[in-house]
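Residues per chain, in single letters:
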Amino acid sequence: MTDTLLQSIITGVLMGFVYALIAVGLSIIYGVMNVVNFAHGDFVMLSMYLSYMAGTLLVWDAVATPLITVPLLFLFGFITYYLLIDKTLRQLYVVQLAVTVGLQIFLRSLALIVWKAQPRALQYSIIQGNIEFFGYSILTSRLIAAVVSLIFIAAIAYFLNKTWAGAAIRAASDDLDTASLMGVNYHRTYALTFAIGAALTAIAGGLLMSFQQTDPQGGMRFGVLSWCVMALAGLGSLPGLIAAGVIVGVAEAVAVTFFDPRSRLLAIYMIFILVLWLKPRGLFGRK
Amino acid sequence: MENHQPLLKAVDLTVDFGSLRAVNHMNLEVQRGELVGLIGPNGAGKTTAFNALTGLIMPNEGKVFFKGHDVTHMLPHKRCQMGMSRTFQVIRPFVHLTVEDAVRVGAYNRHGERTVKSKVDQVLEMCELGEMRNRVCADLGLATLRRIELARALATEPELLLLDEAGAGLNETELAGFMKLLHRLNEEEHITLLVVEHVMKMVMGVCRRIIVLDSGEVIAEGTPEQISANPRVIEAYLGKRAVL
């Protein structure tokens, strides 16, 4: 019993880092431009399909596919910003909602048409087998996914704190007009933010494809996950996002192991509602 | 060619807020190297004029020229790249950024990663913010935040700097230091300054030319001595009775 529990907790923690990486994208988009991207989970789904395509056509390993999917999703995010999001910025909140939910429906339908309803998975991976960890066995691909996710979260932290574009993004997030008067081009900053948010889902998508399958409805799961992680973390804290990702990952893993595999979203939402009751501003948020 | 034109020129600038005319056919010229004061009673339209000059709001009529170019509809970040910067009357700090990062945002206007650090250091030193560089803006007091606003604007290396009541809320000592800094910016750094100010002592002590705005219109223009003796100005500030 305790063994099974610890085993599922370890699995949950590892998944939590990947969830945190997905939520980082959602969170910086929301933090900077006040847009909740309801299609964010479907970006992950799209990334997974593109990884599947790249992996199948080029016979690449899933974890290598981000080399192709990251530029694709970056471009996709950039174009989506200029074609859709940019037009909603000074509109009613409900317009933003309609646009990003519309994008979600569009991506799901597109996936259904192109890849049909059955789940797709990559056949093999160079990264095989398990690693023993204090007597518990961990799927190597999950461990790699967790480590790579953490590396990219750290890279985002470095980017935001140390580079020109990162400073512009943080300044625009605090006060757009003032940043603009200091020479920050806000259209470009917003487009860059959205594109980075999308590109991060491509990294997560490649990692996930090394041990999971994808289907057109998968976006739902990742969307719910990332909203909950963001809400749990509160705004503006990368360590908070990591912790919240781990909480959600563990809740999911424990529910799947001990209750029912179909209860994963339920478990996540119950944690979310619990936090809403007890700490409505999130566990780690600022302000 | 550029040098013969005024650095900043507003022609017939008009801004309406619904039925209220905040700025009414304002004409204004600032020459390179000047230190000009823009004064007027509360609600005269000074801040609105600033917003229209810097591109935060679009005027309903009229044009703004900067270095001879029509910038009326140019976005603020492009004006900043051309060499225009400003501070705010109601301070608008980047609350989650450190002092150093706030200044760095401005410094990137003309510097890449390689030279940005030395620019930031230079501006922090000039504005006496060196010791606070790692403090987060949200934790700092008004006087310091005003200096940060100035530092942030200076870091963009402007040719024209518009200061909106940068002296408000400062005590005597702080004000004296601030006036000295303005002189230094104007004379040593060759930055042209247009300052909106309520603190009369500061305007009279610093500016060589003063423009007086009332109800959105320019009602007088001249040296500090001329302005303080001008009956229209006294009337605008104190009301008709006091003059009679």
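Residues numbered from 1 in each chain as written. Chains lettered and ligands numbered in written order. Predicted model: local features only at pLDDT ≥ 70, side-chain atom pairs only at ≥ 80, totals over all residues. Heavy atoms only, no water.

### Quick notes on the sheet that holds strand β1 (residues 8–17) of chain B
Residue and element names in this part refer to chain B.
- One open sheet accounts for four strands, arranged β2-β1-β4-β5; its pairing is antiparallel. Every other strand in the sheet has two partners, leaving β2 (20–30) and β5 (69–70) as the edge strands with one partner each.
- Judged from the seven bridges that link them, β1 and β2 form a sheet pairing that is antiparallel. Within β2, the position partnered with Phe-17 by the bridge is Leu-20.
- Its contacts with the sheet put helix α1 (residues 46–54) on β1, β2 and β4 (61–66), and the angle it makes with β1 is roughly 120 degrees. (Pairing = 2+ DSSP bridges. Helix = DSSP H or I, 4+ residues; strand = E, 2+ residues; numbered from the N terminus. Contact = heavy atoms within 4.5 Å. Axes fitted to C-alpha atoms, helices over the stretch in contact; angles between N-to-C directions.)

### Details of the sheet that holds strand β6 (residues 84–86) of chain B
Residue and element names in this part refer to chain B.
- Ordered by their spatial adjacency, six strands build an open sheet running β6-β7-β8-β3-β9-β10, and the pairing between neighbours is mixed. Looking along the sheet, the strands with just one partner apiece sit at the ends: β6 and β10 (217–222). With strand direction ignored, the average angle separating the axes of adjacent strands in the sheet is 20 degrees.
- Pairing geometry for strand β7 (residues 160–164) and strand β8 (residues 192–196), over five bridges, is parallel. Residue pairing across strands places Leu-161 opposite Leu-193, the latter belonging to β8.
- In this fold α1 packs onto β3 (35–39), β6, β7, β8 and β9 (209–214), with an angle of close to 150 degrees to the strand it touches most, β7.
- Sheet strands touched by helix α6 (residues 172–187): β3, β7 and β8. Its angle to β8, the strand with the most contacts, is close to 145 degrees.

### As for the environment of Pro-66 of chain A
Residue and element names in this part refer to chain A.
- Position of Pro-66 among the secondary structure elements: in helix α3 (residues 66–88).
- C-alpha separation for the pair Pro-66 and Ile-203, spaced 137 residues apart in sequence, amounts to 5.4 Å.
- Residue contacts for Pro-66: discarding those within four places in its chain leaves Pro-71, Ala-202, Ile-203 and Gly-206.

### Side note on the domain arrangement of chain B
Residue and element names in this part refer to chain B.
- Its domain assignment divides chain B into domain 1 (1–18 + 41–82), domain 2 (92–192) and domain 3 (208–244).
- On the side of domain 3, six residues touch domain 1, which itself brings four residues to the contact.
- For the pair domain 1 and domain 3, the two sides together bury roughly 390 Å², of which 63% comes from carbon and sulfur.
- Contact with domain 3 buries area across many residues of domain 1, yet Pro-41, Ala-44 and Lys-46 alone supply 88% of it, more than any other trio.
- Where domain 1 touches domain 3, the interface holds one residue pair in polar contact (both at pLDDT 80 or more).
- Among the residues making up the side of domain 1 that touches domain 3, the classes are represented as two nonpolar, one polar and one charged. (Domains from an automatic or database assignment. Buried area = accessible area lost by both parts, 1.4 Å probe. Polar contact = N/O pair within 3.5 Å; in protein donor to acceptor, adjacent residues only side chain to side chain. Nonpolar A, V, L, I, M, F, W, Y, C, P; charged D, E, K, R; others polar.)

### Comments concerning the nonpolar core
- Counting 69 residues, the largest nonpolar core has Met-33, Phe-43, Tyr-81, Tyr-190, Leu-208 and Phe-222 of chain A as its most contacted members.
- Excluding its chain neighbours within four sequence positions, the residues that come into contact with Phe-43 of chain A are Asn-37, Leu-73, Phe-76, Leu-103, Leu-107, Phe-194, Ala-198 and Thr-201 of chain A.
- In this structure, Phe-94, Val-116, Ile-191 and Val-206 of chain B belong to the second largest nonpolar core, which totals 60 residues. (Core = buried A, V, L, I, M, F, W, Y, C linked by side-chain atoms within 4.5 Å. Buried < 20%, exposed > 50% of the residue type's maximum accessible area, 1.4 Å probe, protein only.)

### Describing the side chain of Asn-109 of chain B
- Residue placement: Asn-109 of chain B occurs in the loop between α3 (99–107) and α4 (113–126).
- Residue class for Asn-109 of chain B comes out buried when judged on its relative accessible area of 14%.
- A distance of 3.2 Å separates a polar side-chain atom of Asn-109 of chain B from the backbone oxygen of Cys-80 of chain B.
- The residues contacting Asn-109 of chain B, other than those within four sequence positions of it, are Met-182 and Gly-183 of chain A together with Cys-80, Gln-81 and Thr-156 of chain B.

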